[in-house]
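Listed below are the residues making up each chain.
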Amino acid sequence: MCWAAVLLSFLLGQNPNEMDYLLRKIPDATFKTSDSSAMHISSWYSKKPVLLTLAYGRCPGVCNPYLLQIRDQISLLGSEKQFQVVVLSFDAEDQPKQLWRLAGFNENSPPPANWTFGVLEEDTRASLLTSLGLKTQMVGGLYEHNTVLALIGEDGSILQWIEGLPGTAQWDRLFKELTSEFVPVYSTLNNTVWTSCFQYDPASGTWRMSWGLLMILGPALITFFIIIILQSITRNDRTKNNSSILIQNQL
Amino acid sequence: MKTFDKKFTLLWLITILIVFLVAIAFGITMRMEQAEMVDVGPLNFYILMTSHGLLMAGVWFVAGMAGIQYILSRYFEVPRWGSVVAYACTLAGVVVLLISTFLTKFHAGWYFLYPLPFYAKGADSGPVLFLIAIAILGAGWLLWSLVLLVTILRKYTVTQALAWHHITGRPGPAVSPFILISFVSLIGVTACLLAAVVLVILYFIELARSGTMSNDPLLMKNLTFFFGHTLVNEMLYLGLAVLYELFPKMAGKPAYKTSWYVAISWNATLLIVLFAYFHHLYMDFAQPVAFQFIGQVMSWFAPLPAACVTIFSVLTTVYRSNMKWSLASLLYFFGVMFWAVGGVGAILDAVIANNLVLHNTQWVPAHFHTYNLLGNVFFSLAFASWFADEYGSEKMAPSMVKVIFSLLVIGGTGFVIAFYLGGALSVPRRVDMYSETVDEGISLAKMAVVFASLYLVGMIMYTVDFTKRCAGQLFS
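A. Quick peek at the overall build of chain B. The secondary structure content of chain B amounts to 16 helices and zero strands. Computed over its C-alpha atoms, the radius of gyration of chain B comes to 22 Å, within 12% of the 23 Å expected for a compact globule of 476 residues. In terms of overall dimensions, chain B has C-alpha extents of about 55 × 50 × 45 Å along its principal axes. Among the 476 residues that make up chain B, the fraction classed as buried is 54%. If you take every contact in chain B between residues at least 6 apart in sequence, the share linking residues at least 24 apart comes to 80%.

Structure follows, in structure tokens:
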């Protein structure tokens, strides 16, 4: 059902708009960890960047493959001490250890120290979900929901926001940001910039110049045409001038 | 030469001198704030910075245009309405600009870099009023520029006005350097004002769509600097065009003729100056890398043709001449030399490796104040002095020449040296107060206040003297 929701939103052309979330601060929500202690998200993001995502333990759909993919991708990175992965459940009935299984961990193979699992407390749950753009709807005792992966900076602001399964280019950008590598430019999937200088091809992750960049040439080209038009308008005046000069010379 | 042309040029010059004094006062107040001599606060600092920048750019642009209009009218019938409409638009634009800055507290800087106008706006009407001011000024100036282009094209074809026949050796009418440089500069002026038109339209569309549409910041920045950088370069060339006409006569030498190398250099300048603005976008990582290289190369080449030919011409004119040094000839000669100094400062900053260090330091105001305050302003003051000597009730007293010239040169030089030292010490520009790490900025600002005050005193004396000698002509 979750897959259906993601697919439906894609088919309806509801493109996620990263710009609505970037650089916005998330509320300092509290959650309960597996040892039953209450924690603030800020206790992690104030120390190092946090990769934050939300799921729920009884999810029959996307949560399990989604978290497995995050785990697989992070294991490729090999800089695990530089950031913290925080997986929070928005289902009050969950236990943190239920989330372990979704990410492929268990008692015999517990998550490493840079993974934190928790269940969101009631009072700050709604505000956190809103701030991250996570939409949930209860259908038949289960949640329909989208998936969001956010990179949270040390002041609690969203540095990167990805809805759905991240593509290769998105993972690449995310990891560069995590390891403080310079990211010069990337698509924010914002269709409202109609004078865009570049077009981004998400399939290949490549850029090509767009007509917005050509607009820079506009003033010079218009000037060129204006000069040509002015020359044509003033042709008669020049002929008159030249004739009078010719007559003066002959005299 | 019609009486109207003289009187209207006089009206332009008096207006320009008054606005210049106001704009200097704004600038000194900003430096006093940085020197911790007054406490106007950050908001008023940026309001003053916005007003100061746009007034200075505008006032010396119209000074150059007024000079071109006047010299052209000595040769051709120049339609008066272009200058009259431009004057009305300039007055209206300045009034709306000052309302937008001082009443609605718009403070985004004179180049209103996107998206700052949507944030540093004071009241919601601030950016609207500011953009209306830009639109009024741009419309009036664009019209004026087109009128002057038409005046030249009534006599010459485009290729003749660009002196191509002087390069190829084909027969054609003799084109003076004044016509060539004016034509080249007016084409550049038209292009950069059209960039401003596109820019203002894009801003208005975004304002009208109130948050449902945004512009591409990279495109907006390119257009902003195509407008701003090109305008300040072209207004300098307008002053040079008048210099080419007047300076040899001051030295008692024959008028300059357009040789093949003068024609080539100014044709090259026409193209190069349109691409040099890319050096303002070195820090914009999204700008295509090729543009950055073009920006660097064009910045190196931009001053070569115009500056080298002009400096060579001015030096050979002065060498073994019977020059009677008046304030006009002194200002022209030293204006060219300071232009060269400011140009070197600009090239140093336009080298990408240097720009990584100098970007947004006081090196930037250092170089542009050198070739504006001591270069372009000197060219226009020289024209005004020549005008007053020709048509005023009397010539300027020699003692007054010495005092005013000394005040302008000493005051101006000390003022820009404070900026250069600030740049060398990495003191940031565009800040109203300095932190402990760059507290040298405070003492340098104090130094700047002292020297700028000398310059202001010189300008007050110049304005009073000019008005005394010429105001009678206005009402005669």
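B. Region of the structure containing the sheet that holds strand β1 (residues 30-33) of chain A. Residues and elements named next belong to chain A. The seven strands are arranged β2-β1-β5-β4-β3-β8-β9 in an open sheet whose pairing can be described as mixed. A single partner strand is all that each edge strand has here, and the edge strands are β2 (38-40) and β9 (158-163). Looking at each pair of strands side by side, their axes are set apart by 30° on average, direction ignored. Here helix α5 (residues 122-132) sits on the sheet in contact with β1, β3 (50-55), β5 (115-120) and β8 (148-152), set at roughly 120° to β5. On the sheet, helix α6 (residues 168-178) packs against β8 and β9 and is oriented at approximately 160° with respect to β9.

C. Geometry of the environment of glycine 472 of chain B. All names here are of chain B. Position of glycine 472 relative to the elements: it lies in helix α16 (residues 440-474). We classify glycine 472 as exposed; it has 11 C-beta atoms within 10 Å. Distance from glycine 472 to glycine 392, taken between C-alpha atoms, is 8.2 Å for residues 80 residues apart in sequence.

D. Molecular detail of the interface of chain A and chain B. The interface is formed by 24 residues belonging to chain A together with 27 residues belonging to chain B. Here the element with the most residues in the side of chain A that touches chain B is helix α8 (residues 218-233) of chain A; it accounts for nine residues. Of the residues contributing to the side of chain A that touches chain B, the split by class is 13 nonpolar, nine polar and two charged.

E. Looking closely at the pairing of β5 of chain A. Residue and element names in this part refer to chain A. Most of β5 sits out of view: six of its six residues are buried. Both faces of β5 are covered, namely the face carrying Trp115, Phe117 and Val119 and the face carrying Thr116, Gly118 and Leu120. When β1 meets β5, the two strands line up antiparallel, connected through three bridges. The residue bridging phenylalanine 31 from the neighbouring strand is leucine 120, located in β5. Here strand β4 (residues 84-89) runs beside β5; their pairing, made up of five bridges, is parallel. Bridge pairing in β5 links serine 89 to valine 119. Viewed along the sheet, the connection from β4 through helix α4 (residues 96-102) into β5 turns out right-handed.

F. Highlighting the environment of proline 27 of chain A. All names here are of chain A. Looking at where proline 27 falls in the secondary structure, it is placed in the loop between α1 (2-11) and β1. A residue is classified by how many C-beta atoms lie within 10 Å of it, and proline 27, with 19 of them, is partly exposed. Taking C-alpha positions, proline 27 is 8.6 Å from isoleucine 41, a pair spaced 14 residues apart along the chain.

G. Region of the structure containing the environment of glycine 41 of chain B. Within the element layout of this structure, glycine 41 of chain B appears in helix α2 (residues 41-75). Residues glycine 41 of chain B and threonine 212 of chain B lie 171 residues apart in sequence; the distance between their C-alpha atoms is 34 Å.

H. Highlighting the nonpolar core. Of all hydrophobic cores here, the largest spans 168 residues; its most connected members are Val59, Leu180 and Ala195 of chain B. In contact with leucine 180 of chain B, not counting residues within four places along its chain, are Ala161, Leu162, Ala163, Val175, Thr258, Ala263 and Trp266 of chain B. Ranked by size, the runner-up nonpolar core spans 47 residues in total, among them Leu51, Val62, Ala103 and Phe117 of chain A.

I. Representation of helix α11 (residues 303-318) of chain B. All names here are of chain B. For α11, with 16 residues, the first-to-last C-alpha span of 21 Å sits near the 22 Å given by 1.5 Å per residue. Among all positions in α11, only Pro303, Pro305, Ala306, Val309, Thr310, Val314 and Thr317 are buried. Once α11 ends, the next one or two residues include arginine 320, with phi positive near 55°.

J. Region of the structure containing unusual backbone geometry. Residue and element names in this part refer to chain B. The omega torsion of the bond from tyrosine 114 to proline 115 falls at 0°, within 30 degrees of zero and hence cis. Here proline 115 shows up in the loop between α3 (80-103) and α4 (125-153). Its identity is not glycine, yet lysine 105 carries a phi of approximately 65°, on the positive side. Mapped onto the secondary structure, lysine 105 falls in the loop between α3 and α4. When the 17 C-beta atoms within 10 Å are taken as the criterion, lysine 105 is described as partly exposed. A positive phi angle, near 55°, is found at arginine 320, a position not held by glycine. The topology assignment puts arginine 320 in the loop between α11 and α12 (327-350). Among the residues examined, arginine 320 registers 9 C-beta atoms within 10 Å and is labelled exposed.

K. Structural context of α6 of chain A. All names here are of chain A. Those residues of α6 not exposed but buried are Arg173, Leu174 and Leu178. The buried side chains of α6 occupy one side of the element, clustering within an arc of 140° when seen end-on. Those residues of α6 that are buried are in contact with β8 and β9. Of the residues flanking the end of α6, it is serine 180, one or two places downstream, whose phi is positive at about 60°.

L. Region of interest: the pairing of strand β6 (residues 136-139) of chain A. Residues and elements named next belong to chain A. Where β6 meets strand β7 (residues 142-145), four bridges bridge the pair, whose relative direction is antiparallel. Paired with glutamine 137 across the strands is glutamate 144, a residue of β7. Counted along the chain from β6 to the antiparallel partner β7, the turn is two residues long, and its residue glycine 140 has a positive phi close to 60°.

M. Main features of the packing of α2 of chain B against α4 of chain B. Residues and elements named next belong to chain B. Two elements in contact, α2 and α4, have axes separated by 11 Å at closest approach and are oriented at 25°. The orientation of α2 with respect to α4, classified from their angle, is roughly parallel. α4 is crossed by α2, and the crossing has left-handed handedness. Counting all contacts with α2, which are made through Gly58, Phe61, Met65, Ile68, Gln69 and Leu72, the residues of α4 involved are Leu137, Trp141, Trp144, Leu148 and Thr151.

Parameters and conventions
The numbering scheme is per chain: residues are counted from 1 as the chain's sequence reads. Here every chain gets a letter starting at A, and every ligand a number starting at 1, in the order they are written. With pLDDT at 70 or above as the cut-off, local features in this predicted model cover only qualifying residues; side-chain atom pairs require 80 or more to be listed or tallied, and sums for whole chains, interfaces and linings still use all residues. For the purposes of this entry, the term helix denotes a DSSP run of H or I that reaches at least four residues, the term strand denotes a run of E that reaches at least two, and both are numbered from the N terminus. Based on C-alpha atoms, the radius of gyration is set beside the globule rule, defined as 2.2 Å times the residue count to the power 0.38. Residues are called buried when their C-beta atom has 20 or more other C-beta atoms within 10 Å, exposed when it has 12 or fewer, and partly exposed otherwise; all C-beta atoms are positioned from the backbone. By the convention adopted here, residues are in contact when the distance between their C-beta atoms, placed from the backbone, does not exceed 7 Å. One requirement defines pairing of two strands: DSSP has to find at least two bridges between them. Here an angle of 0 to 180 degrees is reported between the N-to-C directions of two axes, which are lines fitted to C-alpha atoms, with helices fitted over the stretch in contact. For this classification, the nonpolar set comprises Ala, Val, Leu, Ile, Met, Phe, Trp, Tyr, Cys and Pro, the charged set comprises Asp, Glu, Lys and Arg, and every other residue, Gly included, is treated as polar. Orient the strands so they point away from the viewer; a crossover is then right-handed if the path from the first strand over the helix to the second runs clockwise. Only buried Ala, Val, Leu, Ile, Met, Phe, Trp, Tyr and Cys residues enter a nonpolar core, and they are joined through C-beta atoms within 7 Å. Every helix has an expected span of 1.5 Å times one less than the residues it contains. As used here, the arc belongs to the directions running from the helix axis to the C-beta atoms. Angle categories: roughly parallel below 35 degrees, roughly antiparallel above 145, roughly perpendicular from 65 to 115, and oblique for all the rest. With the far helix as reference, a near helix turned anticlockwise by less than a right angle produces a left-handed crossing, and one turned clockwise produces a right-handed crossing.

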